[in-house]
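# Working through the structure, step by step
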Number of protein chains: 4
Amino acid sequence: MILAETTPIMLIYVLTTGGTIEKVYSERTGEVANLESKIDRYLKLLRLPDSEIRVVPLMNIDSLKMTDTDRDAILAEVKRLLPEKAPILITHGTDTMVETGLYVHRGLPNPAVPIVLTGAKAPLGFEGSDALQNLTESLMALRLLAPGIYIVSHNQVFPISNVRKDKALGRFVRITSG
Amino acid sequence: MILAETTPIMLIYVLTTGGTIEKVYSERTGEVANLESKIDRYLKLLRLPDSEIRVVPLMNIDSLKMTDTDRDAILAEVKRLLPEKAPILITHGTDTMVETGLYVHRGLPNPAVPIVLTGAKAPLGFEGSDALQNLTESLMALRLLAPGIYIVSHNQVFPISNVRKDKALGRFVRITSG
Amino acid sequence: MILAETTPIMLIYVLTTGGTIEKVYSERTGEVANLESKIDRYLKLLRLPDSEIRVVPLMNIDSLKMTDTDRDAILAEVKRLLPEKAPILITHGTDTMVETGLYVHRGLPNPAVPIVLTGAKAPLGFEGSDALQNLTESLMALRLLAPGIYIVSHNQVFPISNVRKDKALGRFVRITSG
Amino acid sequence: MILAETTPIMLIYVLTTGGTIEKVYSERTGEVANLESKIDRYLKLLRLPDSEIRVVPLMNIDSLKMTDTDRDAILAEVKRLLPEKAPILITHGTDTMVETGLYVHRGLPNPAVPIVLTGAKAPLGFEGSDALQNLTESLMALRLLAPGIYIVSHNQVFPISNVRKDKALGRFVRITSG
């Protein structure tokens, strides 16, 4: 006998910090830069009937320019949101994503929710971009992962202690620390 | 000290059975139907450097026309692939996806790998389609789910015993059986 | 010496009548039909800084169902707009586009503006669609054509007296009448 | 009586010189630059059953870097092709498109075919790009224009002697010389 039908809404926070994923092409300068947040436009392309996404724009910078002051701001925002017991997605440039993940990890060794960092090799809306794929994967991973800090990208999930960016390959690879 | 760097390739099977997700628009008839498999073209849009996707086209039919003979064929193929210990994605029409999932579940109450069924409300490549989202989510879910049979759609994961399609809402909802 | 700089705005009317170009996929029925006008959404994708496009939705039907009463309505609207001396685009199903063009031609043998009929083999927003191409071409052709009635499609311009639809080829071909 | 049915194939040359229209995003450097020709991939998105497009890649540079040596090369190629009596499209950066058009005009005051220059504000394949629109418009305009040299962009046709780029507006405007 079917006793009940309930599909609870899951609250998910998306903290945006910039990086390639949110870069835009400027017709005025011909350059690609972090000029305005555009993640909202792309989240609207996804069907998320049982999820409530709250986007929190923290900063919009190339991750090569990110300082520890910026990482403090990210950590502080994560801590501020933790009492809500909602999973957290952090969009971030890939160049220093591991550093930021480890920084948050040091400040929060045992978070009570899954925290995923993701980014992209090509900006949202550019031909052949991986950005919407990574966003979609990350939102799914947040539903399934145990509490902890991870990088999600290209159909892979890396615990933050087991990942580094391979600059030559241009993507994340698994490492085993001893 | 970093002792090793390895990102093992994961083998994933994709069994295609048709359904809306693979329907195409026929310029000759003006109708939308299961005429040819097109999932390969769309999987190529995803970056899957650490995954080896093997697509197995089983049938290409509207799931309202699916018979138990068809479901037997799906179950037989799943059983045939199980020794490879690779997760399995089954693309399928949403109308009878739950029936097929339960059918496979009866034949395989305790599969050794995660088996995900997914589909779409609008075909791959149609404006506003949810098809690529569902494919992307399913491939991620297969990385993280415990062995068992599930439906993945719209940022949701439903164990096959806890889901039904709500025809009025036009989507899957969670049920609790007693 | 540069004496003046002026780029006058050109008024262009777009009469929509339905046809494949404006068909939408219904997630409820799984069919493709003329359910709602969607040309506005796609015109917004074009940059038309010196054009003022006024869309006039006349009807939204498959052109195989178009009757002479419908064609009278189209002709009447064209006549009503003629005093504005603005070129006119008519979007229309391809199956009876020639008939409608000839009908307007009989009612208006010598229009004072160019009148272009266009349509599509696949609806706006469907993968591989020719619809936005045909719209873009038609708006350009209206800038350059002499007064008269034409079909524009697939980088071709056909005077209405020199065109028929080749059902086997599925496209328009030039004819020479004697 | 219908005497004949013929739709002759039109030969059209496309000379590519670079400019924003063909810029690509480099995942390695994060910059947008003229690294490889990509117009072929986008021309394939258009239906051109009665046109034979021959792409001639001449150079692939930002038009701000174009020298008179480059313009000589463009003019020489145009002259070389003229005996084929085929219309010619030149894709080009917008910044110095007028200069190149005037240069070709001085070398060929009365060409026997229409010659169109076009480009884009955002590269082919970038979100919101005008590049495919401009290509589509230009190919149509070449069908209809009288012999001469023109810039085609954003549903506008400018004879080369009556156009300049308005840097502030970021687009072409009509001028009247006296």
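Residues numbered from 1 in each chain as written. Chains lettered and ligands numbered in written order. Predicted model: local features only at pLDDT ≥ 70, side-chain atom pairs only at ≥ 80, totals over all residues. Heavy atoms only, no water.

## Considerations on the environment of B:Pro83
All names here are of chain B. One can find Pro83 in the loop between helix H2 (68-81) and strand S6 (88-91). Looking at Pro83, the relative accessible area reads 61%, which means it is exposed. Spatially, the C-alpha atom of Pro83 lies 9.8 Å from that of Val113, the residues being 30 residues apart in sequence. (Helix = DSSP H or I, 4+ residues; strand = E, 2+ residues; numbered from the N terminus. Buried < 20%, exposed > 50% of the residue type's maximum accessible area, 1.4 Å probe, protein only.)

## Observations concerning the sheet that holds strand S6 (residues 88-91) of chain D
Within a beta sheet, neighbouring strands are joined by backbone hydrogen bonds and run either parallel or antiparallel to one another. Residues and elements named next belong to chain D. Pairing in this open sheet of 6 strands is mixed, and the strands run S5-S2-S6-S7-S8-S9 from one edge to the other. Edge positions in the sheet fall to strand S5 (51-61) and strand S9 (156-159), since each has one partner strand and no second. The sheet shows a mean angle of 25° between the axes of neighbouring strands, direction not considered. Note that strand S7 (residues 114-118) and strand S8 (residues 148-153) share 4 bridges and pair parallel. Its bridge partner lying in S8, Pro114 is registered against Gly148. (Pairing = 2+ DSSP bridges. Axes fitted to C-alpha atoms, helices over the stretch in contact; angles between N-to-C directions.)

## Regarding unusual backbone geometry
A positive phi angle, near 55°, is found at A:Lys85, a position not held by glycine. For A:Lys85, the position within the fold is in the loop between helix H2 (68-81) and strand S6 (88-91). Phi is positive for B:His154, which is not a glycine, with a value near 55°. Relative accessible area serves as the criterion here: at 7%, B:His154 is assigned to the buried category.

## Comments concerning the side chain of B:Asp130
Tracing the backbone through its elements, the reader meets B:Asp130 in the loop between strand S7 (114-118) and helix H4 (131-144). It is A:Arg47 that comes nearest to the buried, bridge-free B:Asp130 among opposite-charge side chains, at 4.1 Å. Reaching out from B:Asp130, the side chain makes a polar contact with the backbone nitrogen of B:Lys121 at a distance of 3.0 Å. Setting aside residues up to four positions removed in sequence, B:Asp130 forms contacts with A:Arg47, B:Ala120, B:Lys121, B:Ala122 and B:His154. (Lys, Arg positive; Asp, Glu negative; His and termini not counted. Salt bridge = Lys/Arg side-chain N within 4 Å of Asp/Glu carboxyl O. Polar contact = N/O pair within 3.5 Å; in protein donor to acceptor, adjacent residues only side chain to side chain. Contact = heavy atoms within 4.5 Å.)

## Looking at the sheet that holds strand S2 (residues 10-18) of chain A
All names here are of chain A. Read from one edge of the open sheet, 6 strands run S5-S2-S6-S7-S8-S9, paired in mixed fashion. At either end of the open sheet lies a strand with only one pairing partner, and these are strand S5 (51-61) and strand S9 (156-159). Each strand axis lies, on average, 25° off the axis of its neighbour in the sheet, ignoring direction. Packed on one face of the sheet, helix H3 (residues 97-107) meets strand S7 (114-118) and strand S8 (148-153) and runs near 165° to S8.

## Digging into the confidence of the model for chain A
On average, residues of chain A carry a pLDDT of 95, and 96% of them reach 70 or more. For this predicted complex, the interface confidence reaches an ipTM of 0.95, while the overall pTM sits at 0.95. (pLDDT = per-residue confidence, 0-100.)

## What to know about the relation of the copies chain B and chain A
Turning chain B through 180° and shifting it by 0.0 Å along the axis lays it on chain A, with an RMSD of 0.0 Å. Both copies of the chain, as the preceding transformation shows, are related through a two-fold rotation axis. Minimal C-alpha distance to the rotation axis in chain B is attained by B:Glu137, lying at 2.7 Å. Of all interface residues in chain B, 100% are interface residues in chain A too; the two copies therefore contact each other through one and the same surface. (Least-squares fit on C-alpha atoms with pLDDT ≥ 70 in both.)

## A few points about the interface of chain B and chain A
If you look at the interface, chain B gives 44 residues, while chain A gives 44 residues. For the pair chain B and chain A, the two sides together bury roughly 3700 Å², of which 51% comes from carbon and sulfur. By the criterion of area lost to chain A, the three top residues of chain B are B:Arg47, B:Met140 and B:Asn155, representing 21% of everything that side buries. Seen at the junction of chain B and chain A, the total is 2 salt bridges. Between A:Arg171 and B:Asp50 there is a salt bridge, with its nearest N and O atoms 3.2 Å apart. Counting the contacts that link chain B with chain A gives 14 residue pairs in polar contact (both at pLDDT 80 or more). (Buried area = accessible area lost by both parts, 1.4 Å probe.)

## Thoughts on the layout of surface pockets
Put simply, the second largest pocket is a space of about 1000 Å³. In this structure, the second largest pocket is lined by 49 residues; those nearest its centre are B:Gly30, B:Glu31, B:Val32, C:Glu31 and C:Val32. Mapped by element, the contributors of at least two residues to the lining of the second largest pocket are strand S4 (32-33) of chain B together with strand S4 (32-33) of chain C. Residues belonging to the lining of the second largest pocket are distributed by class as follows: 14 nonpolar, 17 polar and 18 charged. (1 Å grid on protein atoms, 1.4 Å probe; cavity = no way out; pocket = protein on both sides within 12 Å on 5 of 7 lines; lining within 4 Å. Points joined across faces, edges and corners; volume = space filled by probe spheres on them. Nonpolar A, V, L, I, M, F, W, Y, C, P; charged D, E, K, R; others polar.)

## Points about the pattern of salt bridges
All chains considered together, the criterion is met by 43 salt bridges over all chains. C:Glu84 is paired through a salt bridge with C:Arg54; the nearest N and O atoms lie 3.8 Å apart. Here C:Glu84, found in the loop between helix H2 (68-81) and strand S6 (88-91), pairs with C:Arg54, found in strand S5 (residues 51-61); they are 30 residues apart in sequence, far enough to count as distant. The partly exposed category is assigned to C:Glu84, whose relative accessible area is 40%. Connected via shared salt-bridge partners are A:Lys38, A:Arg41 and D:Glu127.

## Looking at the packing of helix H4 (residues 131-144) of chain C against helix H4 (residues 131-144) of chain D
Look at H4(C) against H4(D): their axes get within 9 Å of each other, and the N-to-C directions meet at 45°. With respect to H4(D), the axis of H4(C) lies oblique. The way H4(C) lies across H4(D) gives a crossing that is right-handed. Residue-level inspection shows C:Gln133, C:Thr136, C:Glu137, C:Met140, C:Ala141 and C:Leu144 of H4(C) in contact with H4(D), the latter providing D:Gln133, D:Thr136, D:Glu137, D:Met140, D:Ala141 and D:Leu144. Here the residues of the contact of H4(C) with H4(D) sort into 6 nonpolar, 4 polar and 2 charged. (Parallel < 35°, antiparallel > 145°, perpendicular 65-115°, else oblique. Left-handed = near helix turned anticlockwise from the far one by under 90°.)

## Re the environment of C:Ala146
Residues and elements named next belong to chain C. Take Ala146: it is sitting in the loop between H4 and strand S8 (148-153). Given the relative accessible area of 45%, Ala146 is considered partly exposed. Separated by 129 residues in sequence, Ala146 and Thr17 have C-alpha atoms that sit 24 Å apart.

## Considerations on the packing of aromatic side chains
Within the structure shown, the criterion is met by 10 aromatic pairs over all chains. Their ring planes at 90° and their centres at 5.5 Å tell us that A:Phe126 and D:Tyr25 sit as a pair that is edge-to-face. Of this pair, A:Phe126 sits in the loop between S7 and helix H4 (131-144) while D:Tyr25 sits in strand S3 (residues 24-25), on two different chains. The buried category is assigned to A:Phe126, whose relative accessible area is 5%. Plain terms: the ring middles of C:Phe158 and C:Phe172 are 6.4 Å apart, the flat faces sit at 55° to each other, and that makes the pair tilted. Separated by 14 residues along the polypeptide, C:Phe158 in strand S9 (residues 156-159) and C:Phe172 in strand S11 (residues 171-177) bring together distant segments of the chain. Side by side, C:Phe158 and C:Phe172 carry an identical accessibility label, which is buried. Taken together, the ring pairs in this structure connect A:Tyr25, A:Phe126, D:Tyr25 and D:Phe126 into an aromatic cluster. (Phe/Tyr/Trp six-rings, centres within 6.5 Å; stacked < 30°, edge-to-face > 60°.)

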